[in-house]
Amino acid sequence: MLRPATMFPLLLMLPLSLASAEETEEPAKKDSSVQKLFDGKTLKGWKVNGKGFYKDHGEVTVKEGAIHLGKGDPATGIVIASEPPKMNYEFRLEAKRIEGSDFFCGITFPVGDTYQTLIVGGWGGGVTGLSNIDGMSAVENETTGYTEFENDKWYKVRIRVEPKAIRVWLGDEKIVHINPEGRNLDIWIEQDTTKPLGIGTWYTGSALRNLELEKLE
C-alpha cells in the first residue's frame, strides 16, 4: 500500500496529464471567413487599371496559375471590382519580380476612410514600407526596410489592418507595425487609380498568386 506522502505527487500529476491531453485536442472547425480573390484561371473579380499613370500599362495575363503584370510605362496593375472592407481585415498574396528593378508589388489598401500603399521592392529594387505617413514616403519613415529580392522567387506578403495597428509580414518576418491613430495617412497621386484595393508595378514585370482576403470581425 502507498503511503500518503507517496500518493500526493501522483495526485498532482493526474490533473496535469488531463490538461495536456485537452490542449493537444484538435479545436472544433469554424466556418472560414477567408475569401479567395483569384481562381487561378481568370481575372474574375479584378479590373485592369487603365487610368492615370497606369494608362500605358503592360499586358495583363493569367498563366500557370498566376496573374502576370507586364512591364508598364511606367505602371501596370489591377484593381478589385468589388468593395473591400475598410477595417479589421487581412489581405494576403504571393508576388515575384520577373523583370525590371523597381517595385514589383505595390498594394494600395483601405485604412478606415483613407488609404496606404505598401511598396515591395522600390527605390532600386529593395525598399519596403508604407506610403505616405505624415507626408513621408516608404523610403523615409519608420516603416522603411530593405530586402535583397531575387527575380523569379515567390515572396509571401500579408497585410493586417485594425483600428490601432497596421501590420505587414514578408514571409514570416513582421516588417511593419504602426498605430495609425493620430497619423496623417495618404497615398501618392500616382496610386490614386489603384483605390480601393489594387496591386501595381513600376517599370517592372511581376506575377501574383494566392490572393486572399479575410474579414477579422
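Going by the structure above, here's the rest.
Rules and cut-offs
Residues numbered from 1 in each chain as written. Predicted model: local features only at pLDDT ≥ 70, side-chain atom pairs only at ≥ 80, totals over all residues. Heavy atoms only, no water. Helix = DSSP H or I, 4+ residues; strand = E, 2+ residues; numbered from the N terminus. Buried < 20%, exposed > 50% of the residue type's maximum accessible area, 1.4 Å probe, protein only. Contact = heavy atoms within 4.5 Å. Areas by Shrake-Rupley, 256 points an atom, 1.4 Å probe, with all protein chains shown as cover. Phe/Tyr/Trp six-rings, centres within 6.5 Å; stacked < 30°, edge-to-face > 60°. Lys NZ or Arg CZ within 6 Å of the ring centre and 35° of its normal. Salt bridge = Lys/Arg side-chain N within 4 Å of Asp/Glu carboxyl O. Core = buried A, V, L, I, M, F, W, Y, C linked by side-chain atoms within 4.5 Å. Pairing = 2+ DSSP bridges.

**Student:** What exactly am I supposed to notice about the overall build of the protein chain here?
**Tutor:** Along the backbone of the protein chain there are one helix and 15 strands. Per-residue burial over the protein chain gives 44% buried out of 217 residues. Taking the intrachain contacts of the protein chain between residues at least 6 apart in sequence as the baseline, contacts between residues at least 24 apart amount to 63%. Summed over all atoms, the accessible surface of the protein chain reaches about 11,900 Å², with 51% contributed by carbon and sulfur.

**Student:** Can you walk me through the packing of aromatic side chains in this structure?
**Tutor:** Two aromatic rings are characterised by how far apart their centres lie and by the angle between their planes. Going through the model one piece at a time under the given rule, you end up with seven aromatic pairs. Taking the centre distance of 5.0 Å and the plane angle of 85 degrees together, the rings of Phe149 and Tyr155 count as edge-to-face. Note on accessibility: Phe149 and Tyr155 belong to one class, buried. Within the aromatic cluster, the residues linked to one another by ring pairs are Phe53, Phe103, Trp202 and Tyr203. The cationic tip of Arg158 hangs over the ring face of Trp169; the distance from NZ or CZ to the ring centre is 3.8 Å. Its guanidinium or amino end placed over the ring of Trp154, Arg209 lies 4.0 Å from that ring's centre, counting from NZ or CZ.

**Student:** Which parts of the structure should I look at to understand the pattern of salt bridges?
**Tutor:** Throughout the structure, instances matching the rule amount to 13 salt bridges. Of the charged contacts, one joins Glu142 and Arg183 as a salt bridge, the two residues approaching to 2.8 Å between their closest N and O atoms. Within this pair, whereas Glu142 is found in the loop between strand S9 (127–131) and strand S10 (145–146), its partner Arg183 is found in the loop between strand S13 (173–178) and strand S14 (198–202), the two being separated by 41 residues in sequence. The network of salt bridges with shared partners includes Lys36, Glu90, Arg92, Arg158, Arg160, Glu162, Arg167, Glu212 and Glu214.

**Student:** I tried to follow the side chain of Ser131 on my own but got confused; where do I start?
**Tutor:** Position of Ser131 relative to the elements: it lies in strand S9. Non-local contacts of Ser131, meaning those with residues more than four positions away in its chain, are made with Gln116, Thr117, Ile119, Trp123, Ser137, Ala138, Asp186, Ile187 and Trp188.

**Student:** Help me understand the nonpolar core in this model?
**Tutor:** Nonpolar side chains in soluble globular proteins generally cluster together in the buried interior. With 37 residues, the main nonpolar core has Phe91, Leu93, Ile107, Phe109, Leu118, Ile199 and Leu211 as its most contacted residues. In contact with Leu93, not counting residues within four places along its chain, are Cys105, Ile107, Tyr155, Lys156, Val157, Ile199, Arg209, Asn210 and Leu211. Phe103, Ile119, Ala138 and Trp202 belong to the second-largest nonpolar core, a separate cluster that totals six residues.

**Student:** Help me out: how do you make sense of the pairing of strand S5 (residues 75–80) in this one?
**Tutor:** Working note: regular strand, side chains alternate between the two faces of the sheet. Burial runs high along S5: six of the six residues are buried. Alternating residues of S5 divide into Ala75, Gly77 and Val79 and Thr76, Ile78 and Ile80, and every residue in both groups is buried. Bridge analysis of strand S2 (residues 46–48) against S5 gives three bridges, and the strand direction is antiparallel. Bridged to Trp46 within S5 is Ile80. Taken together, the five bridges between S5 and S14 define a ladder with antiparallel strand orientation. Directly across from Thr76, in S14, lies its bridge partner Thr201.

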